[in-house]
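# Structure at a glance
Residue-level listing of the chains:
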Amino acid sequence: MYWPIGVPKVYALSKHASATPSYSDDGLGQRDGAASSAPSSRGAGEPGYAGKEAAANGPTAVTGIQAAHIEPGHGDEHPPAGEIVAAKLSRGGSIFATITRSSLTVWQTKPTVALAAVVRSSQSMQAYGPSTALLMRPDGLIVVVQTALGYLITYTLATDAQALVYRTQLPASARHARNDSTNGYSNYRRASAAAATVGPGESDGIKEINLRFRMVIRIDAGISKALALDEELVVATVKPAAMQCIRWVAENGSSQTSTELLSRMPWLSSKVTVLEMVHDRPMNLSCWITSDGRGYAVQRGSNRNGATDTARSAFQGFCFRDAETEDAAAVKVAINARFSLIAVGCASGHIDVYAVKDYTGNIPLSHKLTSPAASSSTGKLTHLSYSPDGYCLLAGYESGWATWSVYGKPGATSFVTDRTLSDINGERWLRGLSDSFWVGGGCELVLLCSADDRLFSIDMARNAATGCLSPANVSRGILHSSNSVLLYKGHEVPDLTALPSDTSLWQTVQVPNHYLVSQWPIKCTVVSADGKYIGVAGRRGLAHYSVVSGRWKTFDDPAAEDEFTVRGGMCWHQHFLIAAVESGNRHQVRVYSREKALERILHTEELTAPVILMTVSGVDSLLVYTYDNILLHYIIAASGSSVKLVQVGQIGFHGIIRAPPRVRAISWILPEDQLEHGDPSQDVATASVLFLVDGKLVLLQPSTNEYGELKYDMRVIAQNVEYYILTRDQPATLASLKAPDTANGTPDSFTVTGHLGHSLRDSLWYFDGDSYHVWSDIQDVLACAPAELGRDLPPTVRVPMDFYPISAMVAKGIVHGLDADLVQRRDVNFSFFRQATRTQLFLPQVLRHHLGEYNSPAALHLANSYQHLPYFAHALEMLLHDVLDSEVDNPPSPPETALLPTVISFLSSYPAYLDIVVNCTRKTELRSWRTLFSYLPPVLQLFEQALSQGKLQTAAGYLLVLHSFQHESFQVHEFARLLRRASAEQDWDLCRELARFLVGIDSTGQTLSAALADAGLRGAPNGSIVSHPANGMIEIETPSTSTEASGDGHHPSQGEERQQPLTDTNGSAPRSVVDYFSMGTYG
């Protein structure tokens, strides 16, 4: 669900010469000794803390912009520029820090500038060693630099929100002039509109940062790995192997440090050290990787008083991964709190992902990720991290990087690059990755490359479903990046096959800069079901856009915009935007109109708890799910320019859904009678509810107990679900679906069931990171779901995908998606990413499933619904090819179970049957022909049928097959008949191809002469064919033209499809059909 776009922005200290940075001896100047007198923590096994802060008047405070370029050789100091070793981002995302071997730099995220820098002196470098790692307390107020000699140098950060280093002064002519609101309502105006020079998120200007040395901590036992948490600094030591916890602030009556030997932790292997540690605050879980390659899930106990001789350990954990081989040893780990996953990187470069089911050791393997390249090409795994929302996994290697979706669909990668060209252009961001972090909630990715002093920031386009998994967002296809929204326009194209392959079907809409300046990043984007309106919400406020008029509408009053924040999502109903907001301590659902100023709220619904998510269901139902585990049902009563929400029911899921915040999407399924004729107030008692909790799709079905009370039966119907599509939640899709008996081509009603309804009208789709899985009828799932029935769920139809699917366009029979293409050109000195639209038919797999279940009526019913599509015959051809290849490679046993005869019988029901068969033969190997034609009538009979129907090109294809089967007893009579018919219809292209084929099988020309004589074409009044076998030339003469058919003299007229030459079985250029979906010829 993440795609990099464009060219990365590059930041480097060497590009911005400014004031000379301050140099710090890190407290050495205040003591007689150097390393010996530095504050330290006692060795492992010795409880206590001997660290001291340096004198207040000792170190010099470092303030202001200290991003200077110092030439090497300046005294004996080290310049701040140089290879960036590590980087850390604060939890709030407003600042980050980077280190080189000798310097520390603090940056502001927006605008991206260096705020302060400190360069370590020669005395500090000699006493403590070069910097090797960087830690930052999550609130960003303390930065810790780890050195090679086992020291931790701490610095404090202080800032004044009112103090700015620079303040931009703009002339009046640079200000943006805005027109009045459309209805003339608002008298408010912004005091000063943002200028074009101020970018997204830069309204606060450049802050002043005070970076001050705090203390040095010596770890005598050696540092293996350190971790900065909210309350303490956790250090894994080497000799002896132990865990030291150093609190940031000492508590009264207790020690500031505590130490526990690893050997005293019974759940750990003996004689190991901890090499890697990560901690996740939402899950309250840490993961350790030990020197023997094992992975452990660890939780911090309550024993923080420094007593190491108590029976209870301060850490409790268990091993969830063993290292069976050296290549399988764990080296990197990342935690995904949103989906309760742990990704473990192996020494071989492969990545295994585990699912955290509980905190008692139940962490099974979930899935394995496909390697982006061979281990010899990728190098060692160097970095592993999830995006903030958990939907994307980034892995860095010595020679590149790659991304995957949460459940394993490969995404963008740098391993497709031309490495020679990358080296020439100096694009190290494509050649290796040492560290990274996500900015703006995932809208930008900052890469740190090996042996480089630059930061590369790449804009990421995210599927809007990551922030709001609503039916409209999934069905329409909408992305949002750092400053724009991308809307898929393929739904409005009547025939996607008529477009050139390089045509872009994505409309890019720039979000107003004056909104982004203050409210960046965009956190939520929604589109209406008909694709006419778009709504976006950032840190505060919201804005919306009309696709038809091309105009944005934002708040005129900045105070009204800053008064609330969208929390719980948004959705459209007609031209009304419904938003779940928080305003102070109030939780509300507000309704805005596209036609009114945003300051005018049409309706406000007060709630007692924050909203987790909400969605529009059916025609006029609004479902709101809140933090108190209650699903509220509203009816949207809209009339003209007014609207209100009327609550008609609610459902409590106490005891059923244990963690409401983990719910990502919700839908409900009403019985047909209730949907059409029932009282809306009774919907909550009859509805079956679908929840997407983490990656599990859960179905709740209502029933009553012996006392007549409502209860719900729960069943998990799918695992590893990234998103799902319930067709009945998409009125626009239902309206575009045509029933088989709709002869006039007009859409039928919204009825989602019925014998003559569309076969996929009530379908349920979900994507599991590898394939789409489809239940053609959700009613079949509902009938088998109750646990007391003991039934298995009906099998799904699997539709494999070789790209990431955005959505399934059910009415068109197509799945559309995106690939991230890395473009490198020799006429420019940079590379860039672009989005490549991909499409794929899903009809062949669904039809094959029905036929494999011996349900030919269902297959006919489904196929008739799509018969009007121009690429319907192509879909049937793919069906035949897939089944044929499968049975040739794996012959069915016993033969009576073969599916191929059923497929052929099914295809014979359609007029394009003869064309489908012959086109399939042109794209398969000769060894498959006999299997195919063993279930077909004689080839000569098929030739006669094609000839009688006037399908001359198809008849020519059957002659090729006939010659392959009967080349020893070959007769030219059928060729003569086809030549006579083609000349009568003046199809000289076919005549030329037939003549060339006959010359190809008999270079003497006797076969061609016999065919021409049998066809009676010698001296024909409407033209003649003259053969010159000596030079392979065939001339076709007509009363108006004389064309030399040497392969390059014919130019088809407008609207005529250029035909490839007809060749024999030894030829190499069979005619191909139109490649509608950029899939190439198969076979």
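As a starting point, this report considers the structure included with it. Since the model is a prediction, treat every value here as computed from it, not as a measurement. (Residues numbered from 1 in each chain as written. Predicted model: local features only at pLDDT ≥ 70, side-chain atom pairs only at ≥ 80, totals over all residues. Heavy atoms only, no water.)

### Examining the overall build of the protein chain
For the protein chain, the count of helices and strands is 21 helices and 59 strands. Going through the 1083 residues of the protein chain one by one, you find that 56% of them count as buried. Summarising the internal contacts of the protein chain: among those between residues at least 6 apart in sequence, 57% fall at separations of at least 24. Taken as a whole, the protein chain presents about 44600 Å² of accessible surface, with 48% of it coming from carbon and sulfur. (Helix = DSSP H or I, 4+ residues; strand = E, 2+ residues; numbered from the N terminus. Buried < 20%, exposed > 50% of the residue type's maximum accessible area, 1.4 Å probe, protein only. Contact = heavy atoms within 4.5 Å. Areas by Shrake-Rupley, 256 points an atom, 1.4 Å probe, with all protein chains shown as cover.)

### Structural notes on the packing of aromatic side chains
A full pass over the atoms with the stated rule returns 37 aromatic pairs. With centroids separated by 5.0 Å and ring planes inclined at 45°, the aromatic side chains of Tyr545 and Trp552 adopt a geometry described as tilted. On the basis of an interplanar angle of 85° and a centroid distance of 6.5 Å, the ring pair of Phe555 and Tyr592 is categorised as edge-to-face. In this pair, Phe555 sits in the loop between strand E37 (551-553) and helix H6 (558-562) while Tyr592 sits in strand E40 (residues 586-593), placing the two residues 37 residues apart along the sequence. The pair formed by Phe555 and Tyr592 is uniform in burial state, with each residue classed as buried. Between the NZ or CZ atom of Arg300 and the centre of the ring of Phe315, over which it lies, the distance is 4.8 Å. (Phe/Tyr/Trp six-rings, centres within 6.5 Å; stacked < 30°, edge-to-face > 60°. Lys NZ or Arg CZ within 6 Å of the ring centre and 35° of its normal.)

### With respect to helix H15 (residues 913-922)
Since the α-helix packs 3.6 residues into each turn, any two residues three or four apart lie on the same face. Along H15, nine of the ten residues are buried, which leaves the element largely enclosed by surrounding structure. Where H15 is concerned, the buried positions are Tyr913, Leu914, Ile916, Val917, Val918, Asn919, Cys920, Thr921 and Arg922.

### Considerations on the sheet that holds strand E35 (residues 533-537)
Ordered by their spatial adjacency, four strands build an open sheet running E34-E35-E36-E37, and the pairing between neighbours is antiparallel. The open sheet terminates on both sides in strands that have one partner only, identified here as strand E34 (524-527) and E37. Strand-to-strand twist across the sheet, computed as the mean angle between neighbouring axes with direction ignored, equals 20°. (Pairing = 2+ DSSP bridges. Axes fitted to C-alpha atoms, helices over the stretch in contact; angles between N-to-C directions.)

### Quick word on the sheet that holds strand E41 (residues 603-607)
Remark on secondary structure: sheet strands pair via backbone hydrogen bonds, oriented parallel or antiparallel. Taken in spatial order, the four strands of this open sheet run E38-E39-E40-E41, and their pairing is antiparallel. A strand with exactly one partner marks an edge of an open sheet, and here the two such strands are strand E38 (565-573) and E41. When the angles between neighbouring strand axes are averaged without regard to direction, this sheet yields 20°. Two elements, E40 and E41, share five bridges in a ladder whose sense is antiparallel. Each bridged residue has a counterpart across the sheet, and for Val591 the counterpart in E41 is His603.

### Description of helix H21 (residues 1006-1015)
When we look at burial in H21, the residues that qualify are Thr1007, Leu1008, Ala1011, Leu1012 and Ala1015. The buried residues of H21 occupy one face: seen down the axis, they fall within an arc of 130°. Exposed residues on H21 whose side chains face more than 90 degrees from its buried face are Gln1006 and Ala1013. Of the residues flanking the end of H21, it is Gly1016, one or two places downstream, whose phi is positive at about 70°. (Arc of directions from axis to C-beta.)

### Structural notes on the side chain of Ser103
Take Ser103: it is sitting in strand E6 (residues 103-108). For Ser103, a relative accessible area of 3% puts it in the buried group. In this structure the side chain of Ser103 is engaged in a polar contact, spanning 2.6 Å, whose partner is the side chain of Thr100. (Polar contact = N/O pair within 3.5 Å; in protein donor to acceptor, adjacent residues only side chain to side chain.)

### Examining the pairing of strand E44 (residues 630-639)
Summarising burial for E44: seven of the ten residues are buried, a large majority. As paired strands, strand E43 (residues 621-626) and E44 are joined by five bridges and run antiparallel to one another. Across the sheet, Val624 pairs through a bridge with Leu632, a residue of E44. Joining the antiparallel neighbours E43 and E44 is a turn of three residues, in which Asn629 adopts a positive phi near 65°. Of the pairings in the sheet, the one linking E44 to strand E45 (residues 642-652) comprises ten bridges and is antiparallel in character.

### As for empty space enclosed by the protein
One pass over the structure, following the stated rule, counts six cavities of 30 Å³ or more. Of the volumes computed, that of the largest cavity is approximately 100 Å³. Leu469, Ser470, Pro471, Ser667 and Tyr724 are the residues nearest the centre of the largest cavity, which is lined by 13 residues in total. Going through the elements one at a time, helix H4 (471-476), strand E46 (663-669) and strand E50 (723-726) are the ones with two or more residues in the lining of the largest cavity. Along the lines of polarity and charge, the residues of the lining of the largest cavity split into eight nonpolar, four polar and one charged. (1 Å grid on protein atoms, 1.4 Å probe; cavity = no way out; pocket = protein on both sides within 12 Å on 5 of 7 lines; lining within 4 Å. Points joined across faces, edges and corners; volume = space filled by probe spheres on them. Nonpolar A, V, L, I, M, F, W, Y, C, P; charged D, E, K, R; others polar.)

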